Amino acid sequence: MRPIFDFLEQDTRLASLLRVLLSAICVLVLWQVVSLFVTNRLLLVPPADVAVALFHEIQNGDLWTNAVATVTAVVSSFLVSVAIGIVIGLALASSRLLSLTGGPVLSALNSVPIIALAPLFVAWLGLGFASKFVLVLMVAVFPVVVTTEAGLRAADKPLIEAARSFNATKLQIFTTVTFPYALPFIVSGVRVAWARALVGIVVAEFFGSFAGFGFAILSASQTFDTARVLGYVFVLGAMGLIGSVSFAALERHLAPWRQE
Amino acid sequence: MTALLRVDNVDKIFSRRGKTAVEALRGINFSIEEGEFVSIVGASGSGKSTLLRIIDGLLEPTKGAVFVDDARVEKPGRDRAMVFQQDSLLPWKTVIENVAYGLTLAKSPWPQASKVAERFVAMTGLAGFESHYPHQLSGGMRQRVNVARALAVDPRILLLDEPFAALDAQTREIMQTELLKIWQESRKTVLLITHQIDEAVFLSDRVIIFSARPGTVREEIKIDLPRPRDLELKRTPEFVGLVDHIWKLIEAEVRLGVTASEG
Ligand SMILES: Nc1ncnc2c1ncn2[C@@H]1O[C@H](COP(=O)(O)OP(=O)(O)OP(=O)(O)O)[C@@H](O)[C@H]1O
Ligand SMILES: [Mg+2]
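## Comments concerning the overall build of chain A
Link 1 in the chain: The helix and strand tally for chain A stands at 11 helices and 0 strands.
Link 2 in the chain: By principal-axis analysis of the C-alpha atoms, chain A measures approximately 70 × 60 × 30 Å.
Link 3 in the chain: Burial status across chain A gives 41% buried among its 260 residues.
Link 4 in the chain: Considering only intrachain contacts with a sequence separation of at least 6, the fraction spanning at least 24 residues in chain A is 70%.
Link 5 in the chain: Summed over its atoms, the accessible surface of chain A is roughly 14400 Å², and 74% of this surface lies on carbon and sulfur atoms.

Shown next, in the form of structure tokens:
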């Protein structure tokens, strides 16, 4: 056993991948065993059933239809949120007036659970793409705004002074110091935004849509098809995980000096 | 012969609304000839860094002025370059990019800038580390990069703010001899701030002693020790005598500074 443990503790990509796989397998096995004892299939279905349900959805094409609806809405809205969030964050960080007047409003909005307004958005914008797009935008934009402003304001004073001492212009200070310094902060905001965007899209689809993962989960749960519900939740979880891991990797890549 | 750098009656008072004003510098007067190596020693908080910032053009004096070649200093310029007390390398740039930073800010194209930077990387003993990042270097190496970055813009006056303060004793001594070598090769005018009296005496033609806050020029001492100097010099009675003399001059001030900052 010893050498196996030693191998898994290594800090390599292979070892960390194996660690994830191993813990996933443990969870699946445990789940399968527990579902041998809990036999109410409304409460708990074994992972094998979930896999079958998911496979069925792939075969009949529903998974694809729903994926197209969800992914187009969430990705387009997420990208727009990031762009708008960075622009607003830049504006707030560059103008004291804006940050004094707009800042409190934004942080108030940030702490309001905007997701609760989902039914209203659906009423205003109707069923389908528009209401999903706007709801996702509303929940995903704030983390980007907040981290962009904070990152731009955090820039190290000595670095700025060194740039000034070399006669740097305001624009040069921004491009060579302030912005690179803020970049990893912004990416961490983007990572949070992606997680929030996924929650936003599911809720939006619960309330008003004819297609998408949220829609599929809702309709499956209305027919008490727990395996199908969990199948779609699994797909959403995978999307969340992939986003989170890749943005975290990007953050590390952009700011390797913060690791040590 | 007119001086290259002239500090003329400089006062600096930091005043911010709602806070008591801090008088950092009062009536500072001195000048430095071309090619001279001058050090400033003084208690912590006596305004040494503030004075260097004013000379560099980062801060405005409250009264008085600084002149380089009889031109009044109003902002940072290419004739001066500063090595800061704090770590101020860009962590996302490699050694070579950091050394070339001042040149790229001055719009020098990369092939030229990197060629110049390479020369100073080699001069400061960093050859082979061009593509390392600052966090992969030791403290001593980071300070070499700082010095190389300042030298690379080919300033007439090099302003050094306690560049070796964070280094251990051995590394500091090595850096001192290397700084002397670089100074002899490049014939720059150097103004160095330091806490170490023996460092000031070892390196300088002249040592300016500051009083505690508000900083004033307490005394100027000419160091007539022969050059080129090596570490042997530090054990000669002349050297020890000079260090002792300066130490006595600022002892009271340092004690004042220490008790003030503790209290
Ligand atoms: N931007 C500032 N605003 C207000 N006060 C300041 C500012 N910069 C420096 N001071 C004050 O001016 C005084 C002199 O500071 P300075 O950093 O020049 O001292 P120093 O001689 O370099 O000290 P040390 O040897 O510890 O580096 C200190 O009392 C400091 O608190
Ligand atoms: Mg200082």
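## Focus: the coordination of the magnesium ion (ligand 2)
Residues and elements named next belong to chain B.
Link 1 in the chain: Protein-derived coordination of the magnesium ion (ligand 2) comes from Ser49 (OG) and Gln85 (OE1), at a distance range of 1.9 to 2.4 Å. One end of the pair, serine 49, is in helix α1 (residues 48-56); the other, glutamine 85, is in the loop between β6 (80-83) and α2 (95-99), and 36 residues separate them in sequence.
Link 2 in the chain: The buried category is assigned to serine 49, whose relative accessible area is 17%.

## Quick word on the packing of aromatic side chains
All names here are of chain A.
Link 1 in the chain: Under the defined criterion, the tally for this structure stands at 10 aromatic pairs over all chains.
Link 2 in the chain: Aromatic side chains phenylalanine 78 and tryptophan 194 sit 5.0 Å apart centroid to centroid with 70 degrees between the ring planes, which places their arrangement in the edge-to-face category. Within this pair, whereas phenylalanine 78 is found in helix α4 (residues 62-94), its partner tryptophan 194 is found in helix α9 (residues 170-207), the two being separated by 116 residues in sequence.
Link 3 in the chain: For phenylalanine 78, a relative accessible area of 7% gives the class buried.
Link 4 in the chain: Of the residues examined, tryptophan 194 reaches a relative accessible area of 10% and is grouped as buried.
Link 5 in the chain: Ring plane angle 85 degrees and centroid distance 5.7 Å describe the contact between phenylalanine 121 and tryptophan 124, whose orientation is recorded as edge-to-face. Taken together, the residues phenylalanine 121 and tryptophan 124, both in helix α6 (residues 118-125) and 3 residues apart, mark about one turn of the helix.

## Examining the sheet that holds strand β3 (residues 37-41) of chain B
All names here are of chain B.
Link 1 in the chain: Strand order across the open sheet formed by 6 strands is β6-β7-β8-β3-β9-β10, with mixed pairing between neighbours. Looking at which strands have only one partner, the edges of the open sheet turn out to be β6 and β10 (217-222). Recorded for the sheet is a direction-independent mean angle of 15 degrees between the axes of neighbouring strands.
Link 2 in the chain: Pairing geometry for strand β9 (residues 206-210) and β10, over 5 bridges, is antiparallel. Within β10, the residue paired with arginine 206 across the bridge is lysine 222.

## Re the nonpolar core
Link 1 in the chain: With 66 residues, the main nonpolar core has Val99, Val201, Ile209 and Ile246 of chain B as its most contacted residues.
Link 2 in the chain: A total of 7 residues in this core trace back to one element, the largest contributor, which is helix α5 (residues 139-152) of chain B.
Link 3 in the chain: When neighbours within four sequence positions are excluded, isoleucine 209 of chain B is seen to be in contact with Val41, Thr216, Val217, Arg218, Glu219, Ile221, Ile246, Leu249 and Ile250 of chain B.
Link 4 in the chain: Leu63, Val82, Val136 and Ala140 of chain A belong to the second-largest nonpolar core, a separate cluster that totals 31 residues.

## A short note on the environment of isoleucine 40 of chain B
Residues and elements named next belong to chain B.
Link 1 in the chain: Following the sequence through the fold, isoleucine 40 ends up in strand β3.
Link 2 in the chain: On the basis of relative accessible area, isoleucine 40 is assigned to the buried category, the value being 0%.
Link 3 in the chain: It is 4.7 Å that separates the C-alpha atoms of isoleucine 40 and isoleucine 208, two residues lying 168 residues apart in sequence.
Link 4 in the chain: In contact with isoleucine 40, not counting residues within four places along its chain, are Phe30, Lys48, Leu51, Leu191, Leu192, Ile193, Thr194, Ile208 and Phe210.

## Looking at the interface of chain B and chain A
Link 1 in the chain: Taken together, the contacts link 25 residues of chain B with 18 residues of chain A.
Link 2 in the chain: Here chain B meets chain A over a buried area of about 2000 Å², counting both sides, of which 64% is carbon and sulfur.
Link 3 in the chain: Interface area lost by chain B to chain A is led by Trp92, Leu105 and His135 of chain B, which between them contribute 33%.
Link 4 in the chain: For the pair chain B and chain A, the number of links is 1 salt bridge.
Link 5 in the chain: When the shortest N-O distance is used, the salt bridge between glutamate 161 of chain A and arginine 53 of chain B registers 2.5 Å.
Link 6 in the chain: Taken together, chain B and chain A are joined by 6 residue pairs in polar contact (both at pLDDT 80 or more).
Link 7 in the chain: At the level of elements, α1, α3 (101-105) and α5 of chain B are the ones that each hand at least two residues to the side of chain B that touches chain A.
Link 8 in the chain: Sort the elements by how many residues they give to the side of chain B that touches chain A and α3 of chain B lands first, with 4 residues.
Link 9 in the chain: Residue classes in the side of chain B that touches chain A are distributed as 12 nonpolar, 6 polar and 7 charged.

## Looking at the pairing of strand β7 (residues 157-161) of chain B
Residues and elements named next belong to chain B.
Link 1 in the chain: With 5 of 5 residues buried, β7 is to be regarded as a mostly interior element.
Link 2 in the chain: Because side chains alternate across β7, one face comprises the buried residues Ile157, Leu159 and Asp161, and the other comprises Leu158 and Leu160, equally buried.
Link 3 in the chain: As paired strands, β6 and β7 are joined by 4 bridges and run parallel to one another. Considered in β7, the bridge of alanine 81 is made with leucine 158.
Link 4 in the chain: Of the pairings in the sheet, the one linking β7 to strand β8 (residues 189-194) comprises 5 bridges and is parallel in character. Within β8, the residue paired with aspartate 161 across the bridge is isoleucine 193.
Link 5 in the chain: Crossover β7 to β8 through helix α6 (residues 169-186) is right-handed.

What counts and what doesn't
- Residues numbered from 1 in each chain as written.
- Chains lettered and ligands numbered in written order.
- Predicted model: local features only at pLDDT ≥ 70, side-chain atom pairs only at ≥ 80, totals over all residues.
- Heavy atoms only, no water.
- Helix = DSSP H or I, 4+ residues; strand = E, 2+ residues; numbered from the N terminus.
- Buried < 20%, exposed > 50% of the residue type's maximum accessible area, 1.4 Å probe, protein only.
- Contact = heavy atoms within 4.5 Å.
- Areas by Shrake-Rupley, 256 points an atom, 1.4 Å probe, with all protein chains shown as cover.
- Donors = N, O, S within 2.8 Å, 3.2 Å for Na, K, Ca; no water.
- Phe/Tyr/Trp six-rings, centres within 6.5 Å; stacked < 30°, edge-to-face > 60°.
- Pairing = 2+ DSSP bridges.
- Axes fitted to C-alpha atoms, helices over the stretch in contact; angles between N-to-C directions.
- Core = buried A, V, L, I, M, F, W, Y, C linked by side-chain atoms within 4.5 Å.
- Buried area = accessible area lost by both parts, 1.4 Å probe.
- Salt bridge = Lys/Arg side-chain N within 4 Å of Asp/Glu carboxyl O.
- Polar contact = N/O pair within 3.5 Å; in protein donor to acceptor, adjacent residues only side chain to side chain.
- Nonpolar A, V, L, I, M, F, W, Y, C, P; charged D, E, K, R; others polar.
- Right-handed = clockwise from strand over helix to strand, strands pointing away.

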